[in-house]
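# Understanding the architecture of this molecule
So the chains spell out like this:
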Amino acid sequence: MITFDMFSQFGSLLASLMFFWAMYQHYLPSKIREAIEFYASRYTHKLVNYFSPYLAITFAEYTNDRFNRSEVYTTIETYLSDKSSMEARSMKADYIKDGKSLLLSLGNNEEVVDQYCGVQVRWSFITEYSSSNPYSFYPTSDEKRYYRLVFHSRHRKFVLDSYLPYLLEEGESIAIRKRRRKLFTNAGNDGPDWMGDRGTMWSHIEFKHPARFDMLAMEKSKKQMIIEDLQWFQEAKHYYAEIGKPWKRGYLLYGPPGTGKSTLVAAMANLLEYDIYDLELTAVKDNMQLRKLLIETSSKSIILIEDIDCSLDLTGQRNKKKAKEEDNREKDPIKNPIQEAEGEKKGSEVTLSGLLNFIDGIWSACGEERIIVFTTNHMEKLDPALIRRGRMDVHVEMSYCRYESFKVLAKNYLKLESHPLFETIGSLLEETDMTPADVAENLMPRSVKISKETCLENLIKALEKVKEESKLKPKKEATSEQDKEEKSHDSEDRNQVET
Ligand SMILES: Nc1ncnc2c1ncn2[C@@H]1O[C@H](COP(=O)(O)OP(=O)(O)OP(=O)(O)O)[C@@H](O)[C@H]1O
Ligand SMILES: [Mg+2]
C-alpha cells in the first residue's frame, strides 16, 4: 500500500539527488566531469549491450578500398527497395529501366522489418556526417552510409547461414531484373581535367542499343551457334570452376566494314543483359593503366576492343620497327633532336604482352562472367598469339550479304517474307559482294510514298551497278598494270640510250 511515509521518503531522496547534481554541475572541474561522463556512457552502453538479447551487423557503403562501392551494400539496397516502398515513411528514389520505373531505398534513419522462414529481423539505414560538415547539401567524402541489421541472438546461426545468403541471392536477381544497363568508355578519361566518379577511370551512359539477334542478317546456323554458345556460357559458372579456368570467353569478330560486327556485339549484350566496356586502346597510356582499367570492370559485362588492328601495332612487327627506328637514330644523331623538337606525339605504350596479359593473365581472373570481344577488318594483320583459341575462343566471320541474310533484312526493313523479285535479288547477291549495311540502306523506304516493290527495285539497280563495276575492275586493273609495265620499259630504253 502506498502510504504518506513512502511519498515523503521518495521526496527527500529526490531532493538529495538534486542537491548532489547541483554540486556536481557547479563545483566539479569540467575536465573531471567530462572524464566521468565519458566512462559512464561507455560502460552503460556496454552494460546495456551485454544484457540486450539483440545483435547488430553493419554493412558500410565503402569498406577498406575507398573507391569501390561495396557490392554487398548495393545488393542490400536493392533487396530492401521493395520493402521500403511498403513500409518506410521516408525514401530515396532513382529511375531505372528507361526511366519508366523507380528504385526506392530507405531514407535516413528509416527502419523496416523483414521476415524469412518465420524469423523477424530489422534493417535500418544510417548516414553519419563528419562533425566538420554536418549539413552538407552534396554527398561528401566525409559522409558515411551504412545499413544495420538487428536480430535476436538466438537466430544468430540462422541469420548468418540462411538469411544473409538468401538475401544476397535475391538482391542480385532483383538487380538483374531492374538494372539500367551501361555503356562505359575510357576515351578522354585520363587528361588532367578528368575527374572520375569516385576515382574510376571509366565514364558511362545508359546502354540503349536496340539490336537483337533476330534482326541480324547472317547465316542462320552461325547465328544459332553464337546464341547457344552465349547461353551455355552464361550458365557455365560451375563448369568453369570445375575445370579451374576463370569464367570468361573471348570472341573475335572479323570481316569487311559494314558487315555487322558492332551490331552483333550490341545484340550479344542485349541477349545476355550485360554492360559494355568499350575500351579505346589508343587512349590507354601503358600496361599498368590497362590493368587498372581491367580491375575496374564489373562482372556480367562485355569488354570490347574495336578495330584491334588499328589500335596498336600488334602484328609482331612492332619490335622490328622499333629496332629500325633506333638504328636510324644512331646513324643520324643530328636529325633526331630536330624531329623531337617538331613534337612527335608520344602515343600509347601498351605492348602486345600487356594486352595478352590483359586477356588471360593472372589479373584477368579478378572478375567473372565476362566476355572479351575484338573486332577487326584485317584478321591477317593480327599476331597469332593474340587470337589463338583459349584467348579468342570463338572466331566469327562476318561476310557479305547473301540470299539468306537478305531475307532477314527484307523481313526487318519491309516486313516482306516473300516477293516475286526475291529470286532476281538472290541470284544477283550470289554474284556480287555487297555488305549488309549497303543492302539495308538500299532497302530502306526513305519516304512514305515509296512502295515496297520500289525499294526492292532500287536494290536490284544498286546490285546491277556493283556487278558492272566489278566486271570493269579487273580490266581497269589490267590496263593500269600494262601502263606501268610500258612506262618502266620506256625508262629502261631511255637509260640504255643515255649510257
Ligand atoms: N549483318 C547485319 N545485320 C543487320 N544489319 C546490319 C548488318 N551489318 C550491317 N548492318 C547495318 O549496317 C550498319 C553498320 O553496321 P556495323 O556498324 O555493325 O558494321 P561493322 O561491321 O561494325 O563495320 P566497321 O567494320 O566499319 O565497324 C548497322 O547500323 C546496321 O544497321
Ligand atoms: Mg564496327
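Refer to the preceding data block for the structure.
Residues numbered from 1 in each chain as written. Chains lettered and ligands numbered in written order. Predicted model: local features only at pLDDT ≥ 70, side-chain atom pairs only at ≥ 80, totals over all residues. Heavy atoms only, no water.

### Examining the packing of helix α14 (residues 403-414) against helix α15 (residues 422-431)
Worth spelling out the cut-off: Each axis is a line fitted through C-alpha atoms, and for a helix only the stretch in contact is used; angles between axes span 0 to 180 degrees, taken between their N-to-C directions. Working definition: helices are DSSP H or I runs of at least four residues, strands are E runs of at least two. Numbering for both runs from the N terminus. Here roughly perpendicular refers to angles of 65 to 115 degrees, roughly parallel to angles under 35, roughly antiparallel to angles over 145, and oblique to all remaining angles. Working rule for handedness: look at the near helix, and if it is turned counterclockwise from the far one by less than a right angle, call the crossing left-handed; if clockwise, right-handed. Between two residues, a contact is recorded if the distance between any of their heavy atoms is within 4.5 Å. Here the term charged refers only to Asp, Glu, Lys and Arg, the term nonpolar to Ala, Val, Leu, Ile, Met, Phe, Trp, Tyr, Cys and Pro, and the term polar to all other amino acids, Gly among them.
Direction vectors running N to C along α14 and α15 enclose 135 degrees, while the axes themselves pass 9 Å from each other. Judged by the angle between their axes, α14 and α15 are oblique. Viewed along their axes, α14 and α15 form a crossing whose handedness is right-handed. Listed contacts from α15 to Y403, F406, K407 and A410 of α14 are F422, I425, G426, L429 and E430. Residue composition of the contact of α14 with α15, by class: 6 nonpolar, 1 polar and 2 charged.

### A few points about the site of ligand 1
Let me state the cut-off plainly: The nearness test applies per residue and asks whether one of its heavy atoms lies within 4 Å of the molecule or strand. By the criterion applied in these results, polar contacts are pairs of N or O atoms within 3.5 Å in which, for protein atoms, one can donate a hydrogen and the other can accept it, and in which residues neighboring in sequence qualify only through two side-chain atoms. Shrake-Rupley sampling with a 1.4 Å probe provides the accessible areas, and residues are treated as covered by the protein chains on show and by no other component. For the domains described, the bounds stem from an automatic or database domain assignment.
In the region of ligand 1, 15 residues are neighbours, and A217, G258, K261, S262 and T263 sit closest. Note that an oxygen atom of ligand 1 is positioned 2.8 Å from one of the side-chain N or O atoms of S262. Surface burial for ligand 1 is 72%, taken as the share of its 620 Å² of free accessible area covered by protein chains. Elements with a contribution of two residues or more to the shell around ligand 1: α7 (261-272), α14 and α16 (436-443). Here the shell around ligand 1 gets 3 residues from one element, more than from any other, and that element is α7. Two domains each provide a minimum of three residues to the shell around ligand 1, namely domain 2 (182-316 + 345-397) and domain 3 (403-485).

### Side note on the packing of aromatic side chains
For clarity, the cut-off: Ring pairs are drawn from Phe, Tyr and Trp, using the six-membered ring of Trp, whenever the two centres fall within 6.5 Å, and their geometry is named by plane angle: stacked under 30 degrees, edge-to-face over 60, tilted for the rest. Type-normalised accessible area, obtained with a 1.4 Å probe on protein chains alone, sets the label of each residue: buried when under 20%, exposed when over 50%, and partly exposed for intermediate values.
Here the structure, examined in full by the defined rule, presents 18 aromatic pairs. Residues Y73 and Y147 carry aromatic rings whose centres are separated by 5.1 Å and whose planes lie at 50 degrees to one another, so their mutual orientation is tilted. You can see Y73 sitting in helix α3 (residues 71-87) and its partner Y147 sitting in strand β6 (residues 144-152), a full 74 residues away along the chain. Judged by relative accessible area, Y73 falls into the buried class, the value being 0%. Relative accessible area serves as the criterion here: at 0%, Y147 is assigned to the buried category. Between Y163 and Y166 the ring centres are 6.4 Å apart and the planes differ by 40 degrees, which places this aromatic pair in the tilted class. With Y163 and Y166 both in helix α4 (residues 156-178) and 3 residues apart, this pair spans about one turn of that helix. Residue Y166 is classed as partly exposed on the basis of its relative accessible area, which comes to 25%. Among the aromatic residues, those joined into a cluster by ring pairs are Y79, Y116, F158, Y163 and Y166.

### Considerations on empty space enclosed by the protein
The cut-off we apply is this: The rule is simple: put a 1 Å grid over the protein atoms alone, call a set of points where a 1.4 Å probe fits but cannot get out a cavity, call an open set with protein on both sides within 12 Å along at least five of seven lines a pocket, and count a residue as lining if it has an atom within 4 Å of a point. Grid points are joined across faces, edges and corners, and a volume is the space filled by probe spheres set on the points.
One pass over the full model with this rule turns up 2 cavities of 30 Å³ or more. When its volume is computed, the second largest cavity comes out at roughly 40 Å³. Lining the second largest cavity, in full, are K248, L294, I303, F358, I359, S364, R370 and I372. Mapped by element, the contributors of at least two residues to the lining of the second largest cavity are α12 (352-360) and β12 (370-376). Of the residues assigned to the lining of the second largest cavity, the class counts are 5 nonpolar, 1 polar and 2 charged.

### Some thoughts on the pairing of strand β4 (residues 111-116)
Applicable threshold: DSSP calls a pair of strands paired once it identifies at least 2 bridges connecting them.
As paired strands, β4 and strand β5 (residues 119-128) are joined by 6 bridges and run antiparallel to one another. Bridge pairing in β5 links V112 to W123. Taking the residues that link successive antiparallel strands as the turn, the β4-β5 hairpin has 2 residues, and the phi of C117 there is positive, at about 50 degrees.

### A look at the side chain of R391
Secondary-structure assignment places R391 in the loop between α13 (384-387) and β13 (394-397). Among the polar contacts made by the side chain of R391, one reaches the main-chain carbonyl oxygen of A385 at a distance of 2.7 Å. For R391, the contacting residues outside a window of four places in its chain are G250, L356, I359, D360, A385 and L386.

### Some words on the sheet that holds strand β11 (residues 301-305)
Overall, mixed pairing links the 7 strands, which are arranged β8-β7-β10-β11-β12-β9-β13 in an open sheet. In the strand order of this sheet, the two ends are held by β8 (203-206) and β13, each with one partner. Averaged over all neighbouring strand pairs, the angle between strand axes comes to 20 degrees, with direction disregarded. Looking at chain direction, strand β9 (residues 248-254) and β13 are connected through 4 bridges and run parallel.

### Considerations on unusual backbone geometry
Although it is not a glycine, C117 adopts a positive phi angle of roughly 50 degrees. Among the secondary structure elements, C117 is positioned in the loop between β4 and β5. Overall, the relative accessible area of 59% leaves C117 in the exposed class. Residue E273 is not a glycine yet carries a positive backbone phi of 60 degrees.

### Quick notes on the pattern of salt bridges
Put simply, the rule reads: Note on definitions: salt bridges are taken to be side-chain nitrogens of Lys or Arg within 4 Å of carboxyl oxygens of Asp or Glu.
Scanning the entire structure with this criterion turns up 14 salt bridges. A salt bridge links E368 to K237; the nearest nitrogen and oxygen atoms lie 3.8 Å apart. Here E368 is found in the loop between α12 and β12, whereas its partner K237 is found in helix α6 (residues 237-243), with 131 residues between them in sequence. Among the residues examined, E368 registers a relative accessible area of 34% and is labelled partly exposed. With a closest N to O distance of 2.7 Å, D433 and R402 form a salt bridge. With D433 in the loop between α15 and α16 and R402 in the loop between β13 and α14, this residue pair connects regions lying 31 residues apart in the sequence. Judged by its relative accessible area of 46%, D433 is partly exposed. Here the residues in one salt-bridge network are D360, R388 and R391, joined through shared partners.

### So, a nonpolar patch on the surface
Stated formally: For patch detection, residues must exceed 30% relative accessible area and be free of salt bridges, and they are connected within 9 Å for like charges or within 5 Å for nonpolar side chains (Val, Leu, Ile, Met, Phe, Trp, Tyr).
A cluster of nonpolar residues, F10, L13, L14, L17 and M18, forms a patch on the protein surface that exposes about 550 Å² of accessible area. By the secondary structure assignment, L14 is in helix α1 (residues 4-27). The exposure class of L14 is partly exposed, given its relative accessible area of 42%.

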